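Secondary and tertiary structure notes
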Amino acid sequence: VGHGLGIVDGFLRNYASRIAAHCVIEPHPDVLKRVDSQTEKWAGVTFRRETWQESLRDEKFGPFDAIFFDTYAERYEDMRQFFRALPRILAKGGVFSFFNGLAPFNPFFHGVAC
């Protein structure tokens, strides 16, 4: 969830032969413009060009074997909303990890939140 600079997704591409499907949710037009300019790099990756909140409204969304949640400038309540959806979208035995961008402009609180 969230593509940003594509760091995690780029890492996963190194294991493309072992990954049956790779889905990214990314709504930011500048990020999607960069993705569109690198179509060969992201071949085989499905991009949902919407917010994760919009994706969650799709009853056919999921389940996934692994989810990495990395969004920027989300509030704590936004993260809780996503976390509450995990039992529905994460497959039994699946893996979930996240990075939070809480308090990105305050080095002290950013260190505490991360």
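Below is a short write-up of the structure. (Residues numbered from 1 in each chain as written. Predicted model: local features only at pLDDT ≥ 70, side-chain atom pairs only at ≥ 80, totals over all residues. Heavy atoms only, no water.)

Here we come to a nonpolar patch on the surface. On the surface, a cluster of nonpolar side chains totalling about 260 Å² of accessible area is made up of Phe11, Tyr15 and Ile19. Following the sequence through the fold, Tyr15 ends up in the loop between α1 (7-13) and β1 (22-25). When its relative accessible area of 34% is taken as the criterion, Tyr15 is described as partly exposed. (Patch = residues over 30% accessible without salt bridge, like charges linked within 9 Å, V, L, I, M, F, W, Y side chains within 5 Å. Areas by Shrake-Rupley, 256 points an atom, 1.4 Å probe, with all protein chains shown as cover. Salt bridge = Lys/Arg side-chain N within 4 Å of Asp/Glu carboxyl O. Helix = DSSP H or I, 4+ residues; strand = E, 2+ residues; numbered from the N terminus. Buried < 20%, exposed > 50% of the residue type's maximum accessible area, 1.4 Å probe, protein only.)

Attention now goes to helix α4 (residues 76-89). With 14 residues, α4 should cover 20 Å at 1.5 Å per step; its first-to-last C-alpha distance of 20 Å lies within 8% of that length. The secondary structure elements touched by the buried residues of α4 are α3 (52-56), β3 (64-70) and β4 (90-99). (Expected span 1.5 Å × (residues − 1). Contact = heavy atoms within 4.5 Å.)

Let us look at the layout of surface pockets. Each pocket or cavity is described by its volume, and for the largest pocket that value is around 1,200 Å³. The wall of the largest pocket is formed by 45 residues, among which Val1, Gly2, Asp9, Cys23 and Phe68 lie closest to the centre. Considering every element that reaches the lining of the largest pocket, the biggest residue donor is β3, with six residues. Here the lining of the largest pocket is composed, by residue class, of 27 nonpolar, 13 polar and five charged. (1 Å grid on protein atoms, 1.4 Å probe; cavity = no way out; pocket = protein on both sides within 12 Å on 5 of 7 lines; lining within 4 Å. Points joined across faces, edges and corners; volume = space filled by probe spheres on them. Nonpolar A, V, L, I, M, F, W, Y, C, P; charged D, E, K, R; others polar.)

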